[in-house]
Amino acid sequence: MTGPTSDNTFRTAIVPAAGLGTRFLPATKAVPKELLPVVDTPGIELVADEAAQAGAARMVVVTSPDKQSVVEYFRNRPDLESTLERKGKTALLEKVRRAPALLDVEVAIQEEALGLGHAVAQAEPNLTDEDTAVAVLLPDDLVLPIGVLSKMAEVRARHGGSVLCAFDIPKEQISPYGVFDVTDTDDADVKRVHGMVEKPAPEEAPSTYAAAGRYLLDRAIFDALRRIEPGTGGELQLTDAVALLIAEGHPVHIVVHRGGRHDLGNPGGFLRAAVDFALRNPDYGPSLRDWLKERIENAD
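Residues numbered from 1 in each chain as written. Predicted model: local features only at pLDDT ≥ 70, side-chain atom pairs only at ≥ 80, totals over all residues. Heavy atoms only, no water.

**Side note on the packing of aromatic side chains**
If you walk through the whole model with that rule in mind, you get two aromatic pairs. When the ring of tyrosine 73 is compared with that of phenylalanine 74, the centres are 5.4 Å apart and the planes differ by 90°; the resulting orientation is edge-to-face. Classification of phenylalanine 74 as buried rests on a relative accessible area of 4%. Over the aromatic face of phenylalanine 167 sits the side chain of arginine 261, whose NZ or CZ is 5.1 Å from the ring centroid. The aromatic ring of phenylalanine 277 is capped on one face by arginine 280, whose charged end is 5.0 Å from the ring centroid. (Phe/Tyr/Trp six-rings, centres within 6.5 Å; stacked < 30°, edge-to-face > 60°. Buried < 20%, exposed > 50% of the residue type's maximum accessible area, 1.4 Å probe, protein only. Lys NZ or Arg CZ within 6 Å of the ring centre and 35° of its normal.)

**Notes on the pairing of strand 12 (residues 252-256)**
By the criterion of burial, strand 12 is predominantly enclosed, with five of the five residues buried. The alternating pattern of strand 12 places Val252, Ile254 and Val256 and His253 and Val255 on opposite faces, both of which are buried. Two strands pair when backbone bridges link them, and strand 10 (residues 190-198) and strand 12 are joined in this way by three bridges, in the antiparallel orientation. Bridge pairing links lysine 191 to isoleucine 254 in strand 12. (Helix = DSSP H or I, 4+ residues; strand = E, 2+ residues; numbered from the N terminus. Pairing = 2+ DSSP bridges.)

**So, helix 7 (residues 220-227)**
Taken together, the buried positions of helix 7 are occupied by Ile221, Phe222, Ala224 and Leu225. Summarising the axial view, the buried residues of helix 7 lie within an arc of 160°, below the 170-degree limit, and thus occupy one face. Considering only its buried residues, helix 7 is in contact with strand 1 (12-16), helix 5 (116-121), strand 6 (133-137), strand 11 (209-218) and helix 8 (238-247). (Arc of directions from axis to C-beta. Contact = heavy atoms within 4.5 Å.)

**Regarding the packing of helix 9 (residues 267-280) against helix 10 (residues 285-297)**
In the contact formed by helix 9 and helix 10, the axes pass within 7 Å of each other and the chain directions differ by 125°. As judged from the angle between their axes, helix 9 and helix 10 are oblique. Across from Val275, Ala278 and Leu279 in helix 9, the residues of helix 10 making contact are Gly285, Leu288, Arg289 and Leu292. Across the contact of helix 9 with helix 10, the residue classes tally to five nonpolar, one polar and one charged. (Axes fitted to C-alpha atoms, helices over the stretch in contact; angles between N-to-C directions. Parallel < 35°, antiparallel > 145°, perpendicular 65-115°, else oblique. Nonpolar A, V, L, I, M, F, W, Y, C, P; charged D, E, K, R; others polar.)

Structure follows, in structure tokens:
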């Protein structure tokens, strides 16, 4: 597969997927959270599709030693494909072949969960000299509609440096988020970042722009990750490495995404995503919509 290789684009997406999925126990005793289906498609395939549509040719899944099935999901299954083809199940065959055809998938092992920065750092040996920038996609975040990574690549092409995704959150709801300190550019949806505050009180928030789970990071991020100090629990935080780059004059911008998002990291958010995707599905949507209306009207 081929992908963009200029200084202003990216060819590799890093997806941290080493977590235990404790909020989904007991299901995640046997099935990695990333493979739980949103209707009929695992969340990690939705993220891989997003990366591929933005131009990625390769995805490095950072996972724990006992979660290799996340990577195996992207391998071909000739036996299954042969059975489906023999039985004339063309639509199912296309679905089974979809994930392996998206991009090349590699694995990087994170032996111990020591923060998002630590997870991203584990992917550095997988990179080549062509990887002047990498995308990082958090699989718990579905950012809709797809397309923000392409806009982020355009912003990097214009301004250089690193580009992060942000949502404009009402100030009274800002406290659970990492919030950017920004100034305007000539594009209303692109801001220059000067710093970041984690989980501020609403009156202390430097803006209403909160971090989402999409990053387009200059290769310099890996040097910064080697130079930051671990925080609570010995964890290396990606935002600390970004803050170091900002302090050293590295340009960092955000793209304000005006669409929606789903949080697949907790059962409530996962259910909302499943309902949302099912309602859009022509096979399930009409009957589900009717059932939901009746169920809500008759709820105790």
